[in-house]
Amino acid sequence: MDNSRVAGGTVSSSSDSRVFLFEVVGLRQNEETDRANYPVRRSGSVFIPVPFKRMNQEMQRLTRLGGKIVNIQPISAVNGKMNGKAPVKTEPQRKQAGEKSKPMTQAKAKTDIPVNIYRPKDPFIGRCISNERIVREGAIGDVRHLTFDLSGGDLRYLEGQSIGIIPPGEDDKGKPHKLRLYSIASTRHGDYGDDKTISLCVRELEYKHPETGETIYGVCSHYLCHLEAGTEVKITGPVGSNFLLPEDPNATVIMLATGTGVAPFRAFLWRMFKEQHEDYKFNGLAWLIFGIATTPNILYKEELEALQSRFGDHFRLDYAISREQKNQRGGKMYLQDRIAENADKIWELLQKDNTYTFICGLKGMEGGIDDAISAAAAKDGVDWSDFQKQLKKKNLWHVETY
Ligand SMILES: Cc1cc2nc3c(=O)[nH]c(=O)nc-3n(C[C@H](O)[C@H](O)[C@H](O)COP(=O)(O)OP(=O)(O)OC[C@H]3O[C@@H](n4cnc5c(N)ncnc54)[C@H](O)[C@@H]3O)c2cc1C
């Protein structure tokens, strides 16, 4: 943990009277910990209240004892529990304890869109909690679901936003690497529902150098895909105030994704169906059309299909698996072919004033989508490009391609 940052912002002299709760793992029972006035728990976590002015000293002492500080929070943020008790249980811990999951309450109004809380000159230092390969045997390339711990900072975000990652090292001009943007794959509450994490879905960029034939890996995606849990990462943002899930719980939300373009839609779908909120109960239609190369490459396959089988009345899921399925002309089934098959239905939905379309993934994917829909619109004598301009004006058509 970067000890220059704690919850509530950068440590300043005005914080002197504050007390912080350290969550420490890795402390073994020994003579020194036996003498201390806090228990070493079976779960592996110990919670220790530490006055601001003793923080550095305490960090050094805990490190000497083999402990690793995984979280620091001001005591007020944990309801004043100072007697060594765990502050807030994560969703898996609540489930394990047999507790019912609570409705999400921290939802922020859309008018309060967080942007650029952390800038490249002073990024947030997050810690990688997990790095999971999410393509299966036989897949082309590597894609990872990465989760970062946000405790001890101010970073918050909404579904559909992106964050920046600054890879370590320098570029070929000797300058520090610039940040790369990644769509956020988790809801504002994070994968554990405790508002303390953020997740990304990252494909490792790999290509052959056009002249030498040498295999080249993308700087940041290679760094992220090989990141070990526990590593500190420079995070900026969040950015983006357009690609946001509409608040209307009765909306039709059409999501068109290729590859890692599914990341923001995982966040949308979790918010719509998986989480429970006091102020948002989705009752409209969510339709995801997902273009991907092979079945083992389908990202979040189990999660998506589980949601679809549970919420089939409100969630439709279609794949376009280019290397396995055939389009109507006998060619490869790309996203635009699946859209063309459903163009009449999509066109009908697009004429409603609460249908929002989101396109995310490979640059250039919009062209095929326009072709497919314009044919259906033309049957009604409508010029698609004029109609689409109106949709964009009304904030109903959103594109994020890279
Ligand atoms: C808003 C936004 C959201 C994004 N979300 C995601 C996301 O959710 N997941 C994700 O994985 N990525 C996402 N990206 C892309 C991401 O930002 C990076 O661009 C990507 O990871 C590659 O960065 P890198 O550092 O690995 O590659 P770099 O080291 O920067 O290399 C990229 C460069 O390699 C060269 N190159 C690439 N392919 C070839 C080729 N075939 N032949 C020759 N040269 C080539 C090009 O010059 C290219 O500019 C997003 C981008 C944006 C703008």
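Source: prediction; values computed, not measured.

Undergrad: Could you give an account of the site of the ligand, with specific residues and numbers?
TA: Taken together, the neighbourhood of the ligand is formed by 20 residues, with Tyr207, Gly218, Cys220, Ser221 and Tyr402 sitting nearest. Residue assignment for the shell around the ligand shows that the elements contributing at least two residues are β9 (180-183), β10 (197-203) and α4 (219-225). Taken together, the residues that form the shell around the ligand break down as eleven nonpolar, six polar and three charged. Both domains that meet at the shell around the ligand, namely domain 2 (124-239) and domain 3 (252-401), each give it at least three residues.

Undergrad: An account of helix α9 (residues 365-379) is needed here, citing residue identities and associated values.
TA: Buried within α9 we find Met365, Ile369, Ala372, Ile373, Ala376 and Ala377. Among the structural elements, β14 (252-258), α7 (335-341), α8 (343-350), β17 (355-361), α10 (384-393) and β18 (397-401) are those in contact with the buried residues of α9. Once α9 finishes, Gly381 follows within two positions and takes phi at roughly 70°, a positive value.

Undergrad: Describe in detail the nonpolar core, supporting the description with residues and values.
TA: Residues Met255, Leu256, Ile339 and Ile373 are the most contacted members of the largest nonpolar core, which totals 76 residues. Among the elements that take part in this core, helix α5 (residues 263-274) stands out by supplying seven residues, more than any other. If you count residues domain by domain, this core takes at least three from each of domain 2 (124-239) and domain 3 (252-401). Ignoring anything within four residues of it in the chain, the contact list for Leu256 reads Ile289, Leu335, Ile339, Ile359 and Ile369. In this structure, Phe20, Leu62, Ile69 and Ile72 belong to the second largest nonpolar core, which totals twelve residues.

Undergrad: Which residues make up the sheet that holds strand β15 (residues 285-292), and what are the values?
TA: Taking strand neighbours across the sheet as the criterion, the five strands line up as β16-β15-β14-β17-β18 in an open arrangement whose pairing is parallel. In this open sheet, the two strands that pair with only one neighbour each are β16 (315-321) and β18. Averaged over all pairs of adjacent strands, the angle between strand axes in this sheet comes to 10°, irrespective of strand direction. Packed onto the sheet, α5 meets β14, β15, β16 and β17 and runs at close to 150° relative to β14.

Undergrad: Go over the sheet that holds strand β5 (residues 68-74) with me, naming the residues and quoting the values.
TA: Reading across the sheet, the three strands line up as β4-β3-β5 and stay open at both edges, with antiparallel pairing between neighbours. In this open sheet, the two strands that pair with only one neighbour each are β4 (45-51) and β5. The average undirected angle you get between the axes of adjacent strands in this sheet is 25°. As paired elements, strand β3 (residues 19-25) and β4 share seven bridges and run antiparallel to each other. The residue bridging Glu23 from the neighbouring strand is Phe47, located in β4. Along the sheet, helix α2 (residues 55-64) contacts β3, β4 and β5; its crossing angle with β3, the most-contacted strand, is approximately 10°.

Undergrad: I'd like a description of the packing of α8 against α9, backed by residues and values.
TA: Closest axis-to-axis distance for the α8/α9 pair is 9 Å, and the angle between their directions is 75°. Taken as axis vectors, α8 and α9 run roughly perpendicular relative to one another. Contact residues: Ala343, Asp344, Ile346 and Trp347 in α8; Ala372, Ile373, Ala375, Ala376 and Ala377 in α9. Looking at the contact of α8 with α9 residue by residue, the class counts come to eight nonpolar, no polar and one charged.

Undergrad: I'd like a description of unusual backbone geometry, backed by residues and values.
TA: Cis peptide bonds are those with omega within 30 degrees of zero, and the linkage from Gly237 to Pro238 qualifies with 5°. With respect to the helices and strands, the residue Pro238 is situated in strand β13 (residues 232-239). Phi at Tyr300 takes a positive value of approximately 60°, unusual for a residue other than glycine. As for its placement among the helices and strands, Tyr300 is situated in the loop between β15 and α6 (301-310).

Undergrad: I'd love a proper account of the environment of Lys352, names of residues and values included.
TA: Tracing the sequence through the fold places Lys352 in the loop between α8 and β17. Measuring from C-alpha to C-alpha, the distance between Lys352 and Thr252 comes to 8.6 Å, with 100 residues separating the pair along the chain.

Undergrad: Outline the pairing of β14, listing residues and values.
TA: Side-chain direction in a regular strand flips from residue to residue, so the side chains alternate between the two faces of the sheet. Counting buried positions along β14 yields six of seven residues, so the element is predominantly enclosed. Where β14 and β15 come together, seven bridges link them in parallel fashion. Within β15, the residue paired with Thr252 across the bridge is Leu285. In this view, the connection linking β14 to its parallel neighbour β15 by way of α5 has right-handed handedness. In this structure, β14 lies alongside β17, joined through six bridges in parallel fashion. Paired with Val253 across the two strands is Tyr356, which belongs to β17.

Undergrad: Describe in detail α5, supporting the description with residues and values.
TA: Over its twelve residues, α5 extends 15 Å from the first C-alpha to the last, a length consistent with the 16 Å expected when each residue adds 1.5 Å. Tucked inside the fold, the buried residues of α5 contact β9, β10, β14, β15, α6 and β17.

Undergrad: Any chance you could break down the environment of Cys360 for me, citing the residues and the numbers?
TA: With respect to the helices and strands, the residue Cys360 is situated in strand β17. Along the primary structure Cys360 and Phe265 are separated by 95 residues, whereas in three dimensions their C-alpha atoms are 8.7 Å apart. Residues within four places of Cys360 in sequence aside, it is in contact with Ser183, Ala257, Gly261, Pro264, Phe265, Glu400 and Thr401.

Conventions used here
Residues numbered from 1 in each chain as written. Predicted model: local features only at pLDDT ≥ 70, side-chain atom pairs only at ≥ 80, totals over all residues. Near = placed C-beta within 6 Å. Helix = DSSP H or I, 4+ residues; strand = E, 2+ residues; numbered from the N terminus. Nonpolar A, V, L, I, M, F, W, Y, C, P; charged D, E, K, R; others polar. Domains from an automatic or database assignment. Buried ≥ 20, exposed ≤ 12 C-beta atoms within 10 Å, placed from the backbone. Contact = placed C-beta atoms within 7 Å. Core = buried A, V, L, I, M, F, W, Y, C linked by C-beta atoms within 7 Å. Pairing = 2+ DSSP bridges. Axes fitted to C-alpha atoms, helices over the stretch in contact; angles between N-to-C directions. Parallel < 35°, antiparallel > 145°, perpendicular 65-115°, else oblique. Right-handed = clockwise from strand over helix to strand, strands pointing away. Expected span 1.5 Å × (residues − 1).

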